[in-house]
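Listed below are the residues making up each chain.
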Amino acid sequence: MKGYAALAGLLLLAGCASGPSLENRDAVTAPPGDSRHLTVGSAGFTESDLLAQMYSLLLRQAGYRTSMLTVANRELYEPALESGQIDVVPEYAATFADWLNAKAHGPDAPPVGSPDLTATMKALRSLAAPRGLTVLAPGRAVDQNAFAVTGAYARQHRLKTLSDLGASGLKVRLAAGDECVKRPYCEPGLRKTYGIDVTAVDPKGVGTTQAKKAVQSGRDQMVLTTTTDATLGEFGLVLLADDKHLQNADYIVPVVNRSRAGSERVTKALGALNGVLTTADLAAMNQQVDSWRRLPEDVARTYLKEKGLLKRPT
């Protein structure tokens, strides 16, 4: 029942507290806080769980007491982050920027996330600050949309990049979500940016087993997935590089509640990951959890120890 009570409290706080008052949304003047106990949020999928566990372990090493709270819906966990029931959460720069922008300016607001990381971070921080949130520096790891073909297909046609595929003139049936036909990063972008001849979109979802099997069998030639997909090798698939940067800059960034976790100590503790964690590392950890059935906390702890970031028991 304890978990249900926590969720009930989250729903209550999400409904009645949302960070700085409307009158003060233009300027956040409260000094950065440094609470001794911090709640780390996870969005409930493997990668978010892994990142949250790493954040928690690094914060504990820095002297904080931590607890974990999983809320699989951004519509709930973002207000809880503003209210201070969640103090830190892993996010994706471009996606979160666009989400906050839509929240502030309506669902039809032009997107502010882009392939340009600097511009995306500037927009994200300007949207987050009035809500009492601080977006810490991105590291090297990025979880973007990506496109994969079979290794045999890539070798046969000498393909390493999406530009190579466009120049080849090959006709491509694409396994993806049904929204791909209208999303600028998907079919329209592949045509416009790379000149790829997409003959049809096979609506099998983004990176699903069904979609990968369709490419593996030759029914489709390419699948929409993500850069941290842990199972591509199981289907004999390889990514084609997005060499013209069609995809948005969804670099992983910690977002903290400024009044509770905005201190330099928190920034330093979480920033330790920036020079270490790569996209490939994250994909490998995803695989350990999804395919090898290891616990996210164990995978996270092992990784941090191997990288020399955990120097004492936590």
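Residues numbered from 1 in each chain as written. Predicted model: local features only at pLDDT ≥ 70, side-chain atom pairs only at ≥ 80, totals over all residues. Heavy atoms only, no water.

A. Spatial organisation of the overall build of the chain. Helix and strand content of the chain: 13 helices and 10 strands. For the chain, with 314 residues in total, the buried portion stands at 51%. Sequence-distant contacts, at least 24 apart, represent 75% of the contacts inside the chain between residues at least 6 apart. As displayed, the chain has an accessible area near 14,700 Å², and 53% of this comes from carbon and sulfur atoms. (Helix = DSSP H or I, 4+ residues; strand = E, 2+ residues; numbered from the N terminus. Buried < 20%, exposed > 50% of the residue type's maximum accessible area, 1.4 Å probe, protein only. Contact = heavy atoms within 4.5 Å. Areas by Shrake-Rupley, 256 points an atom, 1.4 Å probe, with all protein chains shown as cover.)

B. Quick look at the nonpolar core. In terms of nonpolar packing, the biggest core is built from 33 residues, with Met54, Leu59, Leu273 and Leu304 touching the most fellow members. When contributions to this core are tallied by element, the ones reaching two or more residues are β1 (37-42), α2 (46-61), β3 (88-92), β10 (252-257), α11 (264-271), α12 (279-290) and α13 (296-306). Ranked by the residues each element gives to this core, the list is headed by α2, at eight residues. The contact partners of Leu273, leaving out residues within four places of it in the chain, are Met54, Tyr55, Leu58, Tyr303, Leu304 and Leu309. Core analysis: the next-biggest nonpolar cluster, separate from the first, contains 23 residues, Leu165, Cys180, Leu190 and Met222 among them. (Core = buried A, V, L, I, M, F, W, Y, C linked by side-chain atoms within 4.5 Å.)

C. The arrangement of the sheet that holds strand β7 (residues 197-203) in detail. Pairing in this open sheet of five strands is mixed, and the strands run β7-β6-β8-β5-β9 from one edge to the other. The sheet terminates laterally at β7 and β9 (237-240), the two strands that pair on one side only. Within this sheet the neighbouring strands show an average axis-to-axis angle of 40°, counted without direction. The sheet contact formed by strand β5 (residues 145-150) and β9 spans four bridges and is antiparallel. Each bridged residue has a counterpart across the sheet, and for Thr150 the counterpart in β9 is Leu237. On the sheet, helix α8 (residues 187-194) packs against β5, β6 (171-176), β7 and β8 (222-226) and is oriented at approximately 165° with respect to β7. (Pairing = 2+ DSSP bridges. Axes fitted to C-alpha atoms, helices over the stretch in contact; angles between N-to-C directions.)

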